[in-house]
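Listed below, chain by chain, are the residues.
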Amino acid sequence: MTDRTTRAEPALEATGLTVRFGDRTALDDLSLTAARGAITALLGPNGAGKTTFLRCCTGLIRPSAGRVRVLGHPAGSPAATVGIGSMPQSTGAWSGIRPLELLRHLAGLYAHPLPVDALAARLGIDDFARTPYRRLSGGEKQAVNLAGALVGRPELVFLDEPTAGMDPHARRATWALLGELREAGVSLLLTTHAMDEAATLADRVHIVDGGRVRLSGTVAELTGDGRSLEDVFLASTSPHAVSPSGAER
């Protein structure tokens, strides 16, 4: 992929980011940037700090040290928040609502939302539009979560494992949509455990372990010695145990 860095100011810039939970350090002086109009992939084992980083970017967690600027503004500020869309790994808050009801509610929060029916059709949501969110499969929930992140026409989208649980058809359709968004100038930052997803989509990859960025570059740069992206990932990271709650920090 081409490294798209044509605009001077990045969509996102994290500098010296540190986050501690009690005596555990989740992010340890982490610094990275995400270019505008590009797809940036954040790779790391469970517990490496990827989800914590996204929560800092959206203002849900305040770092112990360092700073994050989103679209040129401090993370969590109204000026930053208005321009972003966020797709979480999971949500329980929507359990009883049906997908189209949810998307129409979210669309009503924006002045110029995407057309809900067209967005739902593009992501295959019509097939399960009458099913309550809590009864959807993992992949179906992901499609609804993605639509919710996109409906407000954000400039920057945060995607936490966007295709987890999707079948191959839905996964490829999502890849195509993300590519179209990039071509339209939208900036995307995604986490994924799928090396083929990162290799196919990402303009730039950051490999994170122990709360720090261990390697950064285009896929071509990282694999220039003939190794696969997965081989580079394995050589740059260590296995992490999942926390007792089963949630990654």
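Quick caveat, the model's predicted, so the values are computed rather than measured. (Residues numbered from 1 in each chain as written. Predicted model: local features only at pLDDT ≥ 70, side-chain atom pairs only at ≥ 80, totals over all residues. Heavy atoms only, no water.)

S.K.: What is the right way to look at the pairing of strand β8 (residues 187-191) in this model?
M.R.: Remark: a regular strand shows side chains that alternate across the two faces of the sheet. For β8, a buried count of 5 out of 5 residues is recorded, marking the element as mostly surrounded by other parts of the structure. Neither face of β8 is left uncovered, since the one carrying Ser187, Leu189 and Thr191 and the one carrying Leu188 and Leu190 both have all their residues buried. Note that strand β3 (residues 39-43) and β8 share 4 bridges and pair parallel. For threonine 40, the partnering residue across the bridge sits in β8 and is leucine 189. When strand β7 (residues 156-160) meets β8, the two strands line up parallel, connected through 5 bridges. Counted as the bridge partner of aspartate 160 is threonine 191 from β8. At this point the chain moves from β7, through helix α6 (residues 168-183), to the parallel β8, and the crossover so formed is right-handed. (Buried < 20%, exposed > 50% of the residue type's maximum accessible area, 1.4 Å probe, protein only. Helix = DSSP H or I, 4+ residues; strand = E, 2+ residues; numbered from the N terminus. Pairing = 2+ DSSP bridges. Right-handed = clockwise from strand over helix to strand, strands pointing away.)

S.K.: Whenever I open this one, the sheet that holds β7 confuses me. Can you help?
M.R.: Note: strands within a sheet are paired through backbone hydrogen bonds, in either parallel or antiparallel orientation. Strand order in the open sheet formed by 6 strands is β6-β7-β8-β3-β9-β10, and the pairing between neighbours is mixed. Sheet topology places β6 (84-87) and β10 (212-217) at the edges, where each strand pairs with a single neighbour. Taking the axes of each pair of neighbouring strands and ignoring which way they run, one obtains an average angle of 15° across the sheet. Where strand β9 (residues 204-209) and β10 come together, 5 bridges link them in antiparallel fashion. Across the sheet, residue aspartate 209 finds its bridge partner in β10, namely arginine 212. Packing of helix α1 (residues 50-57) onto the sheet brings it into contact with β3, β7 and β8, and relative to β7 it is tilted by some 155°. The strands touched by helix α9 (residues 229-236) are β3, β9 and β10; relative to β9, the strand with the most contacts, the crossing angle is about 30°. (Axes fitted to C-alpha atoms, helices over the stretch in contact; angles between N-to-C directions. Contact = heavy atoms within 4.5 Å.)

S.K.: Could you clarify how one ought to interpret the state of the cysteines in this entry?
M.R.: Two cysteines whose sulfur atoms are joined by a covalent bond form what is called a disulfide. Throughout the structure, instances matching the rule amount to 0 disulfides. Cysteine cysteine 56 shares no disulfide, and the gap to the nearest cysteine sulfur, in cysteine 57, comes to 6.8 Å. (Disulfide = S-S within 2.5 Å.)

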